[in-house]
Amino acid sequence: MTSCLCFMASLIENVRTTMYWFLFLDCKDLPSVPNAETVEHFGLQRQFNMGNKYTCHDNYKMQGRPFAVCQNTGDWKIMLTCIYDCASNGFQFDGETTTCIKLVSTSGTTWKDARKYCQQQEGGDLVSITSKAKWDFIMGNFSSVGPVWIGLKDKKWMTGESFHNIYGVTVQLNDYDGAYPSEVENSCGLLVRWSSNKLQDENCNIRKRLKFLCEIDMGQH
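About the cut-offs
- Residues numbered from 1 in each chain as written.
- Predicted model: local features only at pLDDT ≥ 70, side-chain atom pairs only at ≥ 80, totals over all residues.
- Heavy atoms only, no water.
- Buried < 20%, exposed > 50% of the residue type's maximum accessible area, 1.4 Å probe, protein only.
- Helix = DSSP H or I, 4+ residues; strand = E, 2+ residues; numbered from the N terminus.
- Pairing = 2+ DSSP bridges.
- Disulfide = S-S within 2.5 Å.

If you check an unreviewed UniProt entry, the protein chain appears there as C-type lectin domain-containing protein from Mytilus galloprovincialis.

Rendered as structure tokens:
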């Protein structure tokens, strides 16, 4: 009987200690959620099982629930991610390659300036057509495209991968631009849909084209 009472007393004390610990447990340092900010107007909550609400920045959309909740380990459980919203910025989303692609029209731009523009987008660059699936998406969704700059230079894509003709088309990548034969850097990629040579290279610094293709790899977000 005595041992039973001692066990019960010990159990009650453990429960009290656990409840006290939970009651006064705080999670430190509110978590930073990429591309999001808190929207708690009445003060931040750091107690066990309490949550803080977040909202995504402009041009981002939320996946999950908009909260970070304090756990009994003293850590935060983040219940949301904010991903770039392609459609709100004029991009088209290729679900198979998880890539956002946008055709940009200008009054004329060099390959290098086109790349700078793409890089100013959220994690963007000139498009690297490294798979047949992405090639098919571009050819199917940008049917009226004339000559456009793409992310190919010195027979390498902007992703760092070497060029391989996996598309079943004729290409002319010879580091030569007939209009600027004596110039250096004549190796920047051009997609020419109506030409027998669908992929060509031209001068990177002087030659201007009206259009180029930017991409954002959503797998990196």
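Two faces belong to every sheet, and in a regular strand the side chains alternate between them. Judged by how many residues are buried, strand β8 (residues 148-153) sits mostly within the fold: six of six residues are covered. In this structure, β8 lies alongside strand β13 (residues 209-217), joined through two bridges in parallel fashion. The residue of β13 that forms the bridge with W149 is F212. In this sheet, strand β9 (residues 156-157) lies alongside β8 in antiparallel orientation, the contact comprising two bridges. Each residue of the ladder has a partner; that of K153, found in β9, is K156. Here β8 hands over to β9 after two residues, with D154 in that stretch at a positive phi of 55°.

Attention now goes to the state of the cysteines. Under the counting rule described, the total for this entry stands at four disulfides. For C27, the disulfide goes to C70, at an S-S distance of 2.1 Å. Between C27 and C70, the S-S torsion sits near 85°, and that sign places the bridge as right-handed. In this pair, C27 sits in the loop between α1 (2-24) and β1 (36-38) while C70 sits in strand β3 (residues 60-70), placing the two residues 43 residues apart along the sequence. C70 carries the same exposure label as C27, and that label is buried. The residue that forms a disulfide with C118 is C214, at a sulfur-sulfur distance of 2.0 Å. Across the S-S bond of C118 and C214 the torsion is about -80°, and the bridge reads as left-handed. Remark: C214 occurs in strand β13 and C118 occurs in helix α2 (residues 111-119); sequence separation between them is 96 residues. On the basis of relative accessible area, C214 is assigned to the buried category, the value being 1%.

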